[in-house]
Amino acid sequence: MKRVLVLNGPNLNLLGTREPAVYGSTTLADVEQLCRGAGQRLGVEVDCRQSNHEGQLIDWIHEAGVAHRNGQLVGAVFNAGAYTHTSVALHDAIKGAELPVIEVHISNVHAREPFRHHSYLSPAAAGIVVGFGVEGYVLAIEGLLRKGRVG
Ligand code: DQA
């Protein structure tokens with residue numbers, strides 16, 4: 001069975017208690033359950049990981065690039081949190097690994113502070129899902145699989 005990687009970056013381990021007015025009350029464990037459920041429905045295994053460390057995220061993207069090249073992994077759904085707005089290194093990792101990535105944001109970053117309007121990841125991403133709450137992860141998994149099918 002093919003695999004999809006769901007990657008969450010810094011502070012997303014705090015989902016559920018972190019600024020609920022912005023991010024809702026769903027926990028990261030709930031989000032991961034939602035993603036695994038979508039995977040079951042769509043016939044893919046979903047591997048969920050979270051780290052607060054940029055280097056760890058980069059290592060996972062490199063590893064995912066190899067699995068993608070070997071035909072084991074469709075790609076990744078990635079909410080990089082605040083690293084979205086700061087990290088050239090994550091941009092380079094996605095490009096370098098040639099990994100299909102769907103960038104996800106729970107909130108509509110474009111309706112928030114100006115420093116959230118720019119993403120270093122978007123130019124390297126295969127698609128972007130923004131502002132759909134945690135359902136955005138499911139939309140991103142579906143989008144990644146559809147892209148995989150139509151090339
Ligand atoms: C976020 C938006 C980012 O600006 C923020 O730093 C996050 C979460 C979102 O999912 O809406 O940590 O990526």
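Bear in mind that the values here come from a model prediction, so they are computed numbers and not experimental data. (Residues numbered from 1 in each chain as written. Predicted model: local features only at pLDDT ≥ 70, side-chain atom pairs only at ≥ 80, totals over all residues. Heavy atoms only, no water.)

Trainee: Where do I start with the pairing of strand S5 (residues 127–130) in this structure?
Mentor: Side-chain direction in a regular strand flips from residue to residue, so the side chains alternate between the two faces of the sheet. Side chains Gly127 and Val129 of S5 all project onto a buried face; the interleaved residues Ile128 and Val130 project onto a face where none is buried. In terms of strand pairing, strand S4 (residues 101–105) meets S5 through four bridges, oriented parallel. Within S5, the position partnered with isoleucine 102 by the bridge is glycine 127. (Buried < 20%, exposed > 50% of the residue type's maximum accessible area, 1.4 Å probe, protein only. Helix = DSSP H or I, 4+ residues; strand = E, 2+ residues; numbered from the N terminus. Pairing = 2+ DSSP bridges.)

Trainee: How should the pattern of salt bridges be read in this particular structure?
Mentor: When the charged atoms of two side chains with opposite charge come close together, those side chains can pair. Across all of its chains, the model carries six salt bridges by this definition. Across the pair aspartate 47 and arginine 3 runs a salt bridge, and its minimum N-O distance is 3.4 Å. Here aspartate 47, found in strand S2 (residues 45–50), pairs with arginine 3, found in strand S1 (residues 3–8); they are 44 residues apart in sequence, far enough to count as distant. Assessed through its relative accessible area of 17%, aspartate 47 is described here as buried. With a closest N to O distance of 2.9 Å, aspartate 47 and arginine 49 form a salt bridge. If you follow the salt bridges from partner to partner, you end up with Arg3, Asp47, Arg49 and Glu63 in one network. (Salt bridge = Lys/Arg side-chain N within 4 Å of Asp/Glu carboxyl O.)

Trainee: For this particular structure, what's the right way to read the sheet that holds S4?
Mentor: Whenever strands of a sheet pair, they do so through backbone hydrogen bonds, lying parallel or antiparallel. In spatial order, the strands read S2-S1-S3-S4-S5; together these five strands make up an open sheet with parallel pairing. Of all strands in the sheet, those bounded by a partner on one side alone are S2 and S5. Across the sheet, the mean angle from the axis of one strand to that of its neighbour is 20°, orientation sign disregarded. Of the strands in this sheet, S1 and S2 touch helix H2 (residues 28–42), which is tilted by about 160° from S2. (Axes fitted to C-alpha atoms, helices over the stretch in contact; angles between N-to-C directions. Contact = heavy atoms within 4.5 Å.)

Trainee: Could you clarify how one ought to interpret the site of the ligand in this entry?
Mentor: Arg18, Tyr23, Asn79, Gly81, Ala82, His85, His105, Ile106, Ser107, Val109 and Arg116 make up every residue found near the ligand. In the environment of the ligand, an oxygen atom lies 2.7 Å from a nitrogen or oxygen atom belonging to the side chain of histidine 85. Between the ligand and isoleucine 106, the relevant distance is 2.8 Å, taken from an oxygen atom to a main-chain nitrogen or oxygen of the residue. Protein chains shield 99% of the accessible area of the ligand, which is 320 Å² for the free molecule. (Near = heavy atom within 4 Å. Polar contact = N/O pair within 3.5 Å; in protein donor to acceptor, adjacent residues only side chain to side chain. Areas by Shrake-Rupley, 256 points an atom, 1.4 Å probe, with all protein chains shown as cover.)

Trainee: Explain H2 here, please?
Mentor: Along an α-helix, residues three or four apart share an orientation, since each turn contains 3.6 residues. With 15 residues, H2 should cover 21 Å at 1.5 Å per step; its first-to-last C-alpha distance of 21 Å lies within 8% of that length. Within H2 the residues assigned to the buried category are Leu28, Val31, Glu32, Cys35, Ala38 and Gly39. Projected down its long axis, H2 shows its buried positions confined to an angular sector of 120°, all on one face. The exposed residues of H2 that point more than 90 degrees off its buried face are Ala29, Gln33, Gln40 and Arg41. Of the residues flanking the end of H2, it is glycine 43, one or two places downstream, whose phi is positive at about 80°. (Expected span 1.5 Å × (residues − 1). Arc of directions from axis to C-beta.)

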